[in-house]
There are 2 protein chains.
Amino acid sequence: MKKYGFGVDIGGTSCKIGLFETTGRLVEKWEIPTDTREGGKNILPNIAKSLQNKMSERGIAERELEGIGVGLPGPVRMDGIVPVCVNLGWKNMDVSKELGSLMHGILVEAGNDANVAALGEMWQGGGKGCENVVMVTLGTGVGGGIIVNGKIVSGSNGAGGEIGHMTVDSQEKVFCNCGRKGCLEQYASATGIARLARERLALEHEKSLLDQAGKVSAKTVFDTYKEGDAVAGEIVDQFARILGTALSNIACVADPEVFVIGGGVSKAGKPLLDAVEKYYRKAAFSPCADTRFTLAALGNDAGMYGCMKLILN
Amino acid sequence: MKKYGFGVDIGGTSCKIGLFETTGRLVEKWEIPTDTREGGKNILPNIAKSLQNKMSERGIAERELEGIGVGLPGPVRMDGIVPVCVNLGWKNMDVSKELGSLMHGILVEAGNDANVAALGEMWQGGGKGCENVVMVTLGTGVGGGIIVNGKIVSGSNGAGGEIGHMTVDSQEKVFCNCGRKGCLEQYASATGIARLARERLALEHEKSLLDQAGKVSAKTVFDTYKEGDAVAGEIVDQFARILGTALSNIACVADPEVFVIGGGVSKAGKPLLDAVEKYYRKAAFSPCADTRFTLAALGNDAGMYGCMKLILN
């Protein structure tokens, strides 16, 4: 194993780059803007330039580099091709080949951003010490990443771990962004929780701190929940029942050692975890009823860590 | 790779044993009774004797043997221990160690029977040519096996692929054998389909061939469905909607190349497959909407094949 590697987590506005030792130590991290103009054709050349600058700045030779792991906001097929990545403007992009050739043949591995975040949390975050992890990212949407025996389950269509689009309510009337109805994301994301709150507050209810909260968000729901607000408690209960039950179904498929909960909504912390765990344990098949829950530990760096881990697998 | 291996699928009443070439060719198969008396302590010695007899009968030397794969009707932990196997009377059995020592140190690998059946179907059956397979066994219960990158997802508690216990209806009033309510198995197994039929026939309904069928079973439901019976059609629709939706949720986790449908109920053949596919495609997240469906091809030999494949991985 050589001494260094890069983890590059490409987002729609910026790329987070980490220089790592292959032991897992983060040496330095920085960001560059993502140039999505002209079908995103400058993204990989810009990254290559930034990596080469860093190498000459630190006097790192190519022969000291194990490889480069890349995460991106779209599906990556098992053959490494990105069929389409709307946020970057890419179509049929072979990241390994393109960036590899810009970097004189150095090994490049690519993965979906939610999946590499899961891998990062398994390696150096909330799932450290485990090889079988399900990560759940509660953000604007609901993302997921499934790690089995230390490897990402990317799926034959790049849809492995797309747990936000499990159908949890076939009676739902409102459409999900994906064009279907009743997806987990419609209830367990930040926008989903805000919707549950608006729906609850539109019905008759006792006096609630949420009535004074102005624009109701997932954050205001959890903040008032922590203050003991009964209506917020009902909303959190509904969210937790839906998410806990969905996770119990995932356990019947992948049976992980631990569920790692991340994303902006997870900043609500232990009270959120406790609520979801309660409904999970109620719904779970008995052999998996004791599966551990933990909060993600690497925040926005999880993807960068996971990218680095990609090239060590 | 050596020339031969054995696949041993241990059931509650008999063990199905196959002598294979490591190319995948089945040389010979036979059965011996499973002696479950005295905590099942004779099961592995009896198997060892049978294998040794076969080897001397055919003049196969130990050095020609790659290993022995074993399937059994219970959970196998990732460390290879069988914590409890009710049908065999075992507790904390280390199959690899016990059978390995009876066979003079030959490699022994063990797996859960539903999981090895999935591996067998991937290797030489309905999923041949694929590395990412979900097998669904519709029998008295509903079993499953998840294969990712050619390997079984056994899960941290041995519950990987226990898809029969996914919760599909949290409003269900009747208990599942597992002690919970609303499991997939309660609607999609042979007994589940018979229950759906009895419930439907207890309500007002137009004249149906099922009224004359005597005891209603999954078989009579599908037989009359094939004759165009409208009430049977409604029952099959309900079964297919529930199973198809559950499989669409599994696709959001494991995203397989193919769903292989086996077990006694699958003898209903293509009409069953067509009905389940229809609802799957309706419910599926768009990247996985075209996933292939196929019938299992190895019947009761799937487990034996999968056992053999265990030692080749």
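So, how was this worked out
- Every chain is numbered independently, its residues counted from 1 as its sequence is written.
- Here the convention is simple: chains get letters from A, ligands get numbers from 1, in the order in which they are written.
- pLDDT decides what is reported in this predicted model: residues at 70 or higher carry local features, side-chain atom pairs at 80 or more are listed and counted, and totals for whole chains, interfaces and linings draw on all residues regardless.
- A helix here means a DSSP run of H or I that spans at least four residues, while a strand means a run of E at least two residues long, and both kinds are numbered starting from the N terminus.
- Put simply, the radius of gyration uses C-alpha atoms, and a globule should come to 2.2 Å times the residue count raised to 0.38.
- Put plainly, a residue is buried at 20 or more neighbouring C-beta atoms within 10 Å of its own, exposed at 12 or fewer, and partly exposed in between, counting only other residues' C-beta atoms, which are placed from the backbone.
- Domain delimitation in this document rests on an assignment produced automatically or drawn from a domain database.
- Each residue gets a C-beta atom placed from its backbone, and two residues are in contact if those atoms lie within 7 Å.
- Polarity classes work like this: nonpolar for Ala, Val, Leu, Ile, Met, Phe, Trp, Tyr, Cys and Pro, charged for Asp, Glu, Lys and Arg, and polar for all others, with Gly in that last group.
- The criterion for strand pairing is that DSSP finds at least two bridges linking the strands in question.
- Between the N-to-C directions of two axes lies an angle of 0 to 180 degrees, each axis being a line fitted to C-alpha atoms and, for a helix, fitted only over the stretch in contact.
- Here the copies are matched by least squares. The fit uses the C-alpha atoms of residues with pLDDT of at least 70 in both.
- Reported orientations rely on four angle classes, namely roughly parallel under 35 degrees, roughly antiparallel over 145, roughly perpendicular from 65 to 115, and oblique for the rest.
- Rotating anticlockwise by less than a right angle from the far helix to the near helix defines a left-handed crossing, while the corresponding clockwise rotation defines a right-handed one.
- Each residue carries a pLDDT value, the predictor's own confidence for that position, ranging from 0 to 100.

Q: Talk me through the overall build of chain A; I want residue IDs and the actual numbers.
A: Within chain A, the secondary structure is distributed over 10 helices and 12 strands. For chain A, whose C-alpha radius of gyration is 20 Å, the value lies close to the compact-globule estimate of 20 Å for 313 residues. Burial analysis of chain A (313 residues in total) assigns 53% to the buried set.

Q: Can you tell me about the domain arrangement of chain A, naming the residues and giving the values?
A: Residue and element names in this part refer to chain A. One can read the domain layout of chain A as domain 1 (4–120 + 301–310) and domain 2 (129–296). Distance between the C-alpha centres of domain 1 and domain 2: 29 Å. At the junction of the two partners, domain 1 supplies 12 residues and domain 2 supplies 17 residues. Only strand 7 (108–112) and helix 4 (113–124) provide two or more residues apiece to the side of domain 1 that touches domain 2. For the side of domain 1 that touches domain 2, the element with the most residues is helix 4, which contributes five residues. Broken down by class, the residue content of the side of domain 1 that touches domain 2 amounts to eight nonpolar, three polar and one charged.

Q: So what's going on with the pairing of strand 2 (residues 14–21) of chain B? Residues and values would help.
A: All names here are of chain B. Pairing analysis gives seven bridges linking strand 1 (residues 4–10) to strand 2, with the strands arranged antiparallel. Bridge pairing in strand 2 places G7 opposite G18. The antiparallel pairing of strand 1 with strand 2 creates a hairpin that spans three residues between the two strands. Examined bridge by bridge, strand 2 and strand 3 (residues 26–33) share seven bridges and lie antiparallel to one another. Within the sheet, the bridge partner assigned to L19 lies in strand 3 and is E28.

Q: Quick one: what's the story with unusual backbone geometry, residue by residue and with numbers?
A: For E38(A), which is not a glycine, the phi torsion comes out positive at approximately 50°. Residue position: E38(A) is located in helix 1 (residues 37–40). Residue classification places E38(A) among the exposed positions, given that 8 C-beta atoms sit within 10 Å. Positioned with a positive phi, N92(B) is a non-glycine residue whose angle comes to about 45°. Within the secondary structure, N92(B) sits in strand 6 (residues 90–94).

Q: Break down the sheet that holds strand 7 of chain A for me, with residues and values.
A: Residues and elements named next belong to chain A. Ordered in space as 3-2-1-4-7, the five strands form an open sheet in which the pairing is mixed. Among the strands making up the open sheet, the edge pair consists of strand 3 (26–33) and strand 7. Averaged over all adjacent pairs, the angle separating strand axes in this sheet is 15°, with direction ignored. Two elements, strand 1 (residues 4–10) and strand 4 (residues 65–72), share five bridges in a ladder whose sense is parallel. Each residue of the ladder has a partner; that of Y4, found in strand 4, is L65. Those strands touched by helix 3 (residues 95–102) are strand 4 and strand 7, and its axis lies near 140° from that of strand 7. Strand contacts of helix 10 (residues 302–310): strand 1, strand 2 (14–21), strand 3, strand 4 and strand 7, with the helix running at about 130° to strand 1, the strand carrying the most contacts.

Q: Would you mind going over the sheet that holds strand 7 (residues 108–112) of chain B in detail, with residue names and values included?
A: Residue and element names in this part refer to chain B. Within the open sheet, the five strands sit side by side as 3-2-1-4-7. Their pairing is mixed. What marks the edges here is a single partner per strand, and that holds for strand 3 and strand 7. Taking the axes of each pair of neighbouring strands and ignoring which way they run, one obtains an average angle of 15° across the sheet. Helix 3 (residues 95–102) contacts strand 4 (65–72) and strand 7 of the sheet and is inclined by roughly 140° relative to strand 7.

Q: Residues and numbers for the interface of chain A and chain B, please.
A: Taken residue by residue, the interface counts 36 residues in chain A and 36 residues in chain B. Among the elements that line the side of chain A that touches chain B, the one with the most residues is helix 8 (residues 230–254) of chain A, at eight residues. Along the lines of polarity and charge, the residues of the side of chain A that touches chain B split into 18 nonpolar, 15 polar and three charged.

Q: Which residues make up the relation of the copies chain A and chain B, and what values go with them?
A: With an RMSD of 0.1 Å, chain A superimposes on chain B once it is rotated by 180° and translated 0.0 Å along the axis. The operation mapping one copy onto its partner corresponds to a two-fold rotation axis. Here 100% of the contact residues of chain A are again contact residues in chain B; the copies associate through an equivalent surface.

Q: So what's going on with the packing of helix 6 (residues 190–202) of chain B against helix 8 (residues 230–254) of chain B? Which residues, and what values?
A: Residue and element names in this part refer to chain B. Two elements in contact, helix 6 and helix 8, have axes whose closest approach is 10 Å; the angle formed by their N-to-C orientations is 135°. By the angle class used here, helix 6 and helix 8 are oblique. Crossing of helix 6 over helix 8 shows right-handed handedness. Across the interface between the two elements, I193, L196, A197 and R200 from helix 6 touch V231, E234, I235, Q238 and F239 from helix 8.

Q: Help me get a handle on the environment of F222(A), residues and values and all.
A: Residue and element names in this part refer to chain A. Turning to its location among the elements, F222 is positioned in helix 7 (residues 218–226). Taking the number of C-beta atoms within 10 Å as the measure of exposure, F222 has 23 and is therefore buried. In contact with F222, other than residues within four places in its own chain, are V236, A268, P271 and L272.

Q: With reference to specific residues and values, describe the environment of L295(A).
A: All names here are of chain A. Mapping L295 onto the fold places it in strand 12 (residues 292–295). Sequence-wise, L295 and G269 are 26 residues apart; in three dimensions their C-alpha atoms are separated by 7.2 Å. If we ignore the near neighbours within four places in the chain, the residues touching L295 are G126, I261, S266, G269 and L273.

Q: Explain the confidence of the model for chain A residue by residue, including any values.
A: Looking at chain A, pLDDT values average 95 and 100% of them are 70 or higher. For this predicted complex, the interface score ipTM comes out at 0.93, while the overall pTM is 0.93.

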